[in-house]
Amino acid sequence: MAAWRATLQRAAQLAAAFLRDRSIEVRAHSLVVPQDLSGSARVAAGAARYARECTACHLAPGVTRAQLRRGLYPHPPNLAEQRPPDPRRAFWVIKHGIKMSAMPAWGTTLEDAAIWDLVAFLEQLPAMTAEDYQRITR
Ligand code: HEC
């Protein structure tokens, strides 16, 4: 009985995650990515904000522990250790948040330009060493 229930719960979770990803994909599709996404001004601005607002949940190169993160379920991904997200998808997720998770909707406080700065930084983040990260957020 218990095993059955666990299997059903797991299947329901997978289905929900699949539908969520699909709906983000569909809605993010029509966004227009700024031409200067890899520009250093954008990346630096995004890095500064990321250091202030995002590391408590998502960590960073050289930032490997954070109190808040430990108790969160679903667990926030370590964004420095995965492939850079698709820019449109990242923008949509940052702006609108992720339902029933700790990921906030930043669109209530940030202009679109500031969100693209964050996306610009996230594209570079996985390639950064701890030194790169320190230099850019100093
Ligand atoms: C209070 C914790 C918390 C904070 C602060 C937070 N996030 Fe998140 N974030 C999450 C969680 C939890 C998830 C995963 C949710 C899920 O998959 O169900 C997530 C997911 C994401 C994703 C999607 C990753 C993927 O692979 O799909 C991106 C991108 C992201 N966050 C960016 C940011 C940025 C940028 C900031 C700062 C402006 C930020 N987050 C601040 C908790 C947080």
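Values in this document were obtained by computation on a predicted structure and should not be read as measured data. (Residues numbered from 1 in each chain as written. Predicted model: local features only at pLDDT ≥ 70, side-chain atom pairs only at ≥ 80, totals over all residues.)

Some remarks on helix 6 (residues 112-124)
For step 1, the next point in the chain: For helix 6, built from 13 residues, the straight-helix expectation of 18 Å at 1.5 Å per residue is met to within 8% by its first-to-last C-alpha distance of 19 Å.
For step 2, the next point in the chain: Residues I115, W116, D117, L118, V119, A120, F121 and L122 constitute the buried set of helix 6.
For step 3, the next point in the chain: Looking at the packing, one finds that the buried side of helix 6 touches helix 2 (40-53) and helix 5 (87-96). (Helix = DSSP H or I, 4+ residues; strand = E, 2+ residues; numbered from the N terminus. Expected span 1.5 Å × (residues − 1). Buried ≥ 20, exposed ≤ 12 C-beta atoms within 10 Å, placed from the backbone. Contact = placed C-beta atoms within 7 Å.)

What about unusual backbone geometry?
For step 1, the next point in the chain: Cis geometry marks the peptide bond from Y73 to P74; its omega dihedral reads 0°.
For step 2, the next point in the chain: Turning to its location among the elements, P74 is positioned in the loop between helix 4 (67-70) and helix 5.
For step 3, the next point in the chain: Backbone geometry at L59 places phi at a positive 60°, although glycine is not the residue there.
For step 4, the next point in the chain: Considering the arrangement of structural elements, one finds L59 in the loop between helix 3 (55-58) and helix 4.
For step 5, the next point in the chain: Assessed through the 19 C-beta atoms surrounding it within 10 Å, L59 is described here as partly exposed.

Thoughts on the packing of helix 2 against helix 6
For step 1, the next point in the chain: For the pair helix 2 and helix 6, the least separation of the axes is 7 Å and the interaxial angle reads 95°. Classed by the angle they form, the pair helix 2 and helix 6 counts as roughly perpendicular. Across from R42, V43, A45, G46, A47, R49 and Y50 in helix 2, the residues of helix 6 making contact are A114, W116, D117, L118, A120, F121 and Q124. (Axes fitted to C-alpha atoms, helices over the stretch in contact; angles between N-to-C directions. Parallel < 35°, antiparallel > 145°, perpendicular 65-115°, else oblique.)

Things to note about the site of the ligand
For step 1, the next point in the chain: Inspection of the region around the ligand gives 21 residues, with C54, C57, P76, S101 and M103 positioned closest.
For step 2, the next point in the chain: Among the secondary structure elements, those contributing two or more residues to the shell around the ligand are helix 2, helix 3 and helix 5.
For step 3, the next point in the chain: A class-by-class count of the residues in the shell around the ligand yields 18 nonpolar, two polar and one charged. (Near = placed C-beta within 6 Å. Nonpolar A, V, L, I, M, F, W, Y, C, P; charged D, E, K, R; others polar.)

Points about helix 1 (residues 2-28)
For step 1, the next point in the chain: Between its first and last C-alpha, helix 1 extends 39 Å over 27 residues, near the 39 Å set by a 1.5 Å rise per residue.
For step 2, the next point in the chain: Taken across its 27 residues, helix 1 has zero buried, putting it largely on the surface.

Some points on the confidence of the model for the protein chain
For step 1, the next point in the chain: When pLDDT is averaged along the protein chain, the result is 94, and 99% of the positions lie at 70 or above.
For step 2, the next point in the chain: Looking at the elements of the protein chain, mean pLDDT is at its lowest for helix 1, recorded as 88, and at its highest for helix 6, recorded as 98. (pLDDT = per-residue confidence, 0-100.)

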